[in-house]
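Letter by letter, the chains look like this.
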Amino acid sequence: MNYSFSQRFDVPAAEAFSWCTDYKPDDWGRMGKKGTRGITRLNEDTIILNDTVTGDDGDVTKVRLVRLNPGLLAWTNTHIGGPNKHSQFWYEIVAEGKGRSRLDFTGLQLNYGRRPSETEVAKLGEKLRAEDSAMWVLLAKEMHNDLARPKRASPA
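Residues numbered from 1 in each chain as written. Predicted model: local features only at pLDDT ≥ 70, side-chain atom pairs only at ≥ 80, totals over all residues. Heavy atoms only, no water.

1. Some details on the pairing of strand 4 (residues 58–69)
Item 1. Of the pairings in the sheet, the one linking strand 3 (residues 46–55) to strand 4 comprises ten bridges and is antiparallel in character. Residue pairing for strand 4: Thr52 is matched across the bridge by Thr61.
Item 2. Taken together, strand 3 and the strand that follows it, strand 4, pair antiparallel across an intervening segment of two residues.
Item 3. As judged from the seven bridges shared by strand 4 and strand 5 (residues 74–81), these two strands associate in the antiparallel manner. Each bridged residue has a counterpart across the sheet, and for Arg64 the counterpart in strand 5 is His79.
Item 4. Taking the residues that link successive antiparallel strands as the turn, the strand 4-strand 5 hairpin has four residues, and the phi of Leu73 there is positive, at about 55°. (Pairing = 2+ DSSP bridges. Helix = DSSP H or I, 4+ residues; strand = E, 2+ residues; numbered from the N terminus.)

2. As for the packing of aromatic side chains
Item 1. For the structure shown, the criterion picks out eight aromatic pairs.
Item 2. Look at Phe9 and Trp136: their rings are 6.3 Å apart centre to centre, the planes differ by 55°, and that puts the pair in the tilted class. In this pair, Phe9 is assigned in strand 1 (residues 2–9) and Trp136 in helix 3 (residues 118–147), connecting sequence segments 127 residues apart. You'll find Phe9 and Trp136 in the same group, each marked buried.
Item 3. Aromatic pair Trp75 and Tyr91: ring centres 4.7 Å apart, planes at 5°, arrangement stacked. Separated by 16 residues along the polypeptide, Trp75 in strand 5 and Tyr91 in strand 6 (residues 88–95) bring together distant segments of the chain. Here Trp75 matches Tyr91 in class, with each residue buried.
Item 4. Taken together, the aromatic side chains of Tyr3, Phe5, Phe9, Phe17, Trp75, Phe89, Tyr91, Phe105 and Trp136 make up a single cluster linked through ring pairs. (Phe/Tyr/Trp six-rings, centres within 6.5 Å; stacked < 30°, edge-to-face > 60°. Buried < 20%, exposed > 50% of the residue type's maximum accessible area, 1.4 Å probe, protein only.)

3. A short note on the environment of His86
Item 1. Considering the arrangement of structural elements, one finds His86 in the loop between strand 5 and strand 6.
Item 2. Assessed through its relative accessible area of 51%, His86 is described here as exposed.
Item 3. Separated by 23 residues in the primary sequence, His86 and Gln109 have C-alpha atoms spaced 7.9 Å apart.
Item 4. Setting aside its immediate chain neighbours within four residues, His86 contacts His79, Leu110 and Tyr112. (Contact = heavy atoms within 4.5 Å.)

Here's what the structure looks like:
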């Protein structure tokens, strides 16, 4: 199942990349969810995230391998444990002029079990896109709050 979206940021691309890839234990709360996050840094560009999120159907635990590519302002997130094991998500920050940027996201989710119909795939893809996009709307607000600089007063 493939789906994608973009999210604009009011910060320069390099700052957005740094903020997006600075994983913290409170990340789930920033995304409007209840959950816990364990973070293991294997080296400067490889991170294991051990997430447990509480949803309508109870707790779901996912283990993810994150690979950072700072030169491209991009990263991948591959599920190595959990219900959608081997799913992969690609993120890239793109500059959009002075002080602005956007995230281009592509989700490649692998679901196990019965092969769904094309209609079911389309509906689930739209649901995933809407859910993930909504989380990034919240994260964009958090980023702006964290990185906003005081505006200078205009000269009289």
